[in-house]
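Remarks on the overall topology
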Amino acid sequence: MPSVRRVSHDFLERQGLTTVFGNPGSNELPFLAELPDGFRYVLGLHEGAVVGMADGYAQATGRPVLVNLHAASGSGNAMGALTNAVASRTPLVVVAGQQVRPAIGPEANLASVDAPALMKPLVGWAAEPACAGDVPRALAQAVFEARLQRRPTYLSVPYDDWSAEVDGNALAVLDRRVLRASVPGGEQSRWLVERVASAERPALVLGGDIDSAGRFDDAVRLAERLGGPVWAAPSQFRLPFPNRHPQFRGVLRPPGSRRSPRRSRGTTWCSCWARRSSATTSTCPAGTCPRAPA
């Protein structure tokens, strides 16, 4: 299986984040190893200058831009310029290095014990993956949150994570697409209609906000029109679909759990609606949709 670094590089390339502004330290070197030829690294001598350059570049291009910073001290040096980026609603994706996981708790040199908390007063989203296998998904969320919120995001990654191998679930982020709209626009509507019309065996995964928004009956009508199976997303706060409906297959378990769901056999297209974590609609490629046990 490919490494976390390889999958992350491929994802960034597909998302167009190939110009990186940074002032790296030793914690960041594993991410920079084997950087593809199509990437360009713009080196700055101070983190404030790095974020300032990235801020201007993102505003000029209108796209998210990747920023590569050191752990606590380097990230702290960037906070003045990051304040300007927040005020400008600039979509920056700040990826910072972190000590190896066993050294974080003992507060070894170059460790940041609660790295996301350092940046949370400013950024729209901040996290440190719970394990190496979660890095590609967390990186994808950092990119999508920056793009959708038009605000910087921050991801702290322990440097031993980059060389770890990923499983098949991590590869699904490469084809992930996330959209946000209270009502789909013309392009979004056409894209959804085309995907639904071309799917032989579509499936739905519904979140609790379906019911919060008063779309319970609409979800039933959509499911019956499509004729495919329906699951509820993990950790529901409200049920988005009638649990006695013949198309309902149950509640999905969280990814990575010991009794993780099997993949849906024969599903050609899966759409996830109103998931509370990011109020988005996302789609999964064929073969990556989980199936709740019978």
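For the structure given in this document, a descriptive report is provided here. Please read these numbers as outputs of a predicted model, since none were measured by experiment.

Basis of the calculations
Residues numbered from 1 in each chain as written. Predicted model: local features only at pLDDT ≥ 70, side-chain atom pairs only at ≥ 80, totals over all residues. Heavy atoms only, no water. Helix = DSSP H or I, 4+ residues; strand = E, 2+ residues; numbered from the N terminus. Buried < 20%, exposed > 50% of the residue type's maximum accessible area, 1.4 Å probe, protein only. Contact = heavy atoms within 4.5 Å. Areas by Shrake-Rupley, 256 points an atom, 1.4 Å probe, with all protein chains shown as cover. Axes fitted to C-alpha atoms, helices over the stretch in contact; angles between N-to-C directions. Parallel < 35°, antiparallel > 145°, perpendicular 65-115°, else oblique. Left-handed = near helix turned anticlockwise from the far one by under 90°. Nonpolar A, V, L, I, M, F, W, Y, C, P; charged D, E, K, R; others polar. Core = buried A, V, L, I, M, F, W, Y, C linked by side-chain atoms within 4.5 Å. Phe/Tyr/Trp six-rings, centres within 6.5 Å; stacked < 30°, edge-to-face > 60°. Expected span 1.5 Å × (residues − 1). Arc of directions from axis to C-beta. Salt bridge = Lys/Arg side-chain N within 4 Å of Asp/Glu carboxyl O.

**Section: the overall build of the protein**
Counting secondary structure elements, the protein contains 12 helices and 14 strands. Scored against the burial criterion, the 294 residues of the protein give a buried share of 47%. Residue pairs at least 24 apart in sequence account for 72% of intrachain contacts in the protein once pairs closer than 6 positions are excluded. As displayed, the protein offers around 14000 Å² of accessible surface, 51% of which is attributable to carbon and sulfur atoms.

**Overview of the packing of helix H1 (residues 4-14) against helix H8 (residues 135-149)**
Running from amino to carboxyl end, H1 crosses H8 at an angle of 25 degrees, the nearest separation of the two axes being 9 Å. Here H1 lies roughly parallel to H8, going by the angle between them. Both H1 and H8 take part in a crossing whose hand is right-handed. For the pair formed by H1 and H8, the contact residues are Val 4, Val 7, Ser 8, Phe 11 and Leu 12 on the first element and Val 135, Pro 136, Leu 139, Ala 140, Val 143 and Phe 144 on the second. Residues belonging to the contact of H1 with H8 are distributed by class as follows: 10 nonpolar, 1 polar and no charged.

**A closer look at the nonpolar core**
Phe 11, Leu 12, Leu 66, Val 93, Val 95, Leu 155 and Trp 162 are the most contacted members of the largest nonpolar core, which has 30 residues in total. Mapped by element, the contributors of at least two residues to this core are H1, helix H2 (29-32), strand E4 (92-98), strand E5 (125-127), H8 and strand E6 (153-158). Among the elements that take part in this core, H8 stands out by supplying 8 residues, more than any other. Beyond its immediate chain neighbours, meaning those up to four positions away, Trp 162 contacts Ser 3, Val 4, Arg 5, Ser 8, Pro 30, Phe 31, Val 95, Val 135 and Val 157. Residues Ala 78, Ala 81, Leu 82 and Val 94 belong to the second largest nonpolar core, which totals 21 residues.

**Quick look at the packing of aromatic side chains**
Geometrically, a pair of aromatic rings is defined through the distance of the ring centres and the angle of the planes. In this structure the tally under the stated criterion is 4 aromatic pairs. Ring geometry for Phe 11 against Phe 144: centres 6.0 Å apart, planes inclined by 85 degrees, an arrangement best described as edge-to-face. Note that Phe 11 is positioned in helix H1 and Phe 144 in helix H8, a separation of 133 residues in sequence. Phe 144 shares its class with Phe 11; the two are buried.

**Details of the packing of helix H3 (residues 47-61) against helix H5 (residues 79-87)**
Running from amino to carboxyl end, H3 crosses H5 at an angle of 20 degrees, the nearest separation of the two axes being 7 Å. Relative to H5, H3 is oriented roughly parallel. The two elements H3 and H5 cross, and the hand of that crossing is right-handed. Judged by residue contacts, Gly 48, Val 51, Gly 52 and Asp 55 of H3 engage Ala 81, Leu 82, Asn 84 and Ala 85 from H5. Of the residues belonging to the contact of H3 with H5, the class tally is 4 nonpolar, 3 polar and 1 charged.

**Section: helix H10 (residues 186-198)**
The first and last C-alpha atoms of H10 sit 18 Å apart over 13 residues, in line with the 18 Å expected at 1.5 Å per residue. Turning to H10, its buried residues number three or more, namely Gln 188, Trp 191 and Leu 192. Buried residues in H10, looked at end-on, bunch into an arc of 95 degrees, giving them a common side. Turned more than 90 degrees off the buried face of H10, the exposed positions are Arg 190, Val 193, Glu 194, Ala 197 and Ser 198.

**Quick word on the pattern of salt bridges**
Considering all chains together, one arrives at 9 salt bridges under this definition. When the shortest N-O distance is used, the salt bridge between Asp 175 and Arg 14 registers 2.8 Å. Of this pair, Asp 175 sits in the loop between helix H9 (168-171) and strand E7 (177-179) while Arg 14 sits in helix H1, and the two are 161 residues apart along the sequence. According to the relative accessible area criterion, Asp 175 is partly exposed, its value standing at 47%. In this structure, Arg 238 engages Asp 211 in a salt bridge whose closest nitrogen and oxygen atoms are separated by 2.9 Å. Of the two residues, Arg 238 sits in the loop between strand E9 (230-232) and strand E10 (248-251) while Asp 211 sits in helix H11 (residues 209-212), which places them 27 residues apart along the sequence.

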